[in-house]
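Next come the chains, spelled out residue by residue.
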Amino acid sequence: MKLVAVTACPTGVAHTYMAAEQLEKTAKKLGHTIKVETQGAMGLENELSQADVDAADAAIIAADIALERPERFDRIRRVDVPVQLAIRDPEGVFARL
């Protein structure tokens, strides 16, 4: 499955990146491809284009704050979870897809 994801936490320093790493590792383990955008203290990194989102089968939104440009995900199946869940139970997040 081809996936996109966004991770974002209130401070955007550690948990945003920890969640991104967990989602990338788990996607690889489960045989999926994933591109993860982080919305942290450094702003948007690895920003997803509308073409990235449109080409994906689903999106994982692991965020505890309002996303920047959330309208990109209006037409795609998505799973919204807290950042901590993506860190502690990434396989459980993928099971929700």
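One can find the structure itself at the top, above this paragraph.
Fair warning: this is a prediction, and the values are worked out from it, not measured in the lab. (Residues numbered from 1 in each chain as written. Predicted model: local features only at pLDDT ≥ 70, side-chain atom pairs only at ≥ 80, totals over all residues. Heavy atoms only, no water.)

Which parts of the structure should I look at to understand the pairing of strand E5 (residues 78-81)?
For a regular strand, side chains alternate in direction, first toward one face of the sheet and then toward the other. Burial along E5 is one-sided: the face carrying Val-79 and Val-81 is buried and the face carrying Arg-78 and Asp-80 is not. One ladder, built from 4 bridges, connects strand E4 (residues 58-63) with E5; its direction is parallel. Its bridge partner being in E5, Ala-62 is matched across the sheet by Val-81. (Buried < 20%, exposed > 50% of the residue type's maximum accessible area, 1.4 Å probe, protein only. Helix = DSSP H or I, 4+ residues; strand = E, 2+ residues; numbered from the N terminus. Pairing = 2+ DSSP bridges.)

Whenever I open this one, the pattern of salt bridges confuses me. Can you help?
For side chains of opposite charge, pairing can occur when their charged atoms come near one another. Throughout the structure, instances matching the rule amount to 7 salt bridges. Among the ionic pairs, Arg-69 bridges to Glu-47, the shortest N-O distance being 2.5 Å. Here Glu-47 lies in the loop between strand E3 (43-45) and helix H2 (50-55) and Arg-69 lies in the loop between E4 and E5, a separation of 22 residues in the sequence. Exposure remark for Arg-69: the relative accessible area of 36% places this residue in the partly exposed category. (Salt bridge = Lys/Arg side-chain N within 4 Å of Asp/Glu carboxyl O.)

Is there a simple way to explain the sheet that holds strand E1 (residues 2-8) in this structure?
Strand-to-strand pairing in sheets goes through backbone hydrogen bonds, with the strands running parallel or antiparallel. Strand order in the open sheet made by the 5 strands is E3-E2-E1-E4-E5, with mixed pairing throughout. At either margin of the open sheet sits one strand with a lone partner, and together these are E3 and E5. The average angle at which neighbouring strand axes cross in this sheet is 15 degrees, direction not considered. In this sheet, E3 lies alongside strand E2 (residues 33-40) in antiparallel orientation, the contact comprising 3 bridges. By the bridge assignment, Gly-40 is partnered in E3 with Gly-43. (Axes fitted to C-alpha atoms, helices over the stretch in contact; angles between N-to-C directions.)

Before we go on, may I ask you to explain unusual backbone geometry in this structure?
In terms of backbone geometry, most residues other than glycine have negative phi values and most peptide bonds are trans. The backbone phi angle of Asn-46 is positive, close to 55 degrees, even though this residue is not glycine. You can see Asn-46 is positioned in the loop between E3 and H2. For Asn-46, a relative accessible area of 44% gives the class partly exposed. Notably, Arg-69 is not glycine yet its phi reads approximately 55 degrees, a positive angle.

Where do I start with the side chain of Glu-37 in this structure?
By secondary structure assignment, the location of Glu-37 is in strand E2. Among the polar contacts made by the side chain of Glu-37, one reaches the main-chain amide nitrogen of Leu-48 at a distance of 2.7 Å. Other than its neighbours up to four places away in sequence, Glu-37 contacts Ala-5, Val-6, Thr-7, Leu-44, Glu-45, Asn-46, Glu-47, Leu-48 and Arg-72. (Polar contact = N/O pair within 3.5 Å; in protein donor to acceptor, adjacent residues only side chain to side chain. Contact = heavy atoms within 4.5 Å.)

Can you help me understand the nonpolar core in this one?
Inside soluble globular proteins, nonpolar side chains tend to come together where they are buried. Ranked by size, the top nonpolar core spans 18 residues in total, and within it Leu-23, Ile-60 and Phe-94 carry the most contacts. Listing elements by their share of this core, those giving two or more residues are E1, helix H1 (15-30), E4, E5, helix H3 (83-88) and helix H4 (90-95). With 4 residues, the top contributor of residues to this core is H1. Other than its neighbours up to four places away in sequence, Leu-23 contacts Ala-5, Thr-7, Ile-34, Ile-60, Ala-86, Val-93 and Phe-94. Membership of the second largest hydrophobic core comes to 12 residues, among which are Val-4, Leu-48, Ala-56 and Ala-59. (Core = buried A, V, L, I, M, F, W, Y, C linked by side-chain atoms within 4.5 Å.)

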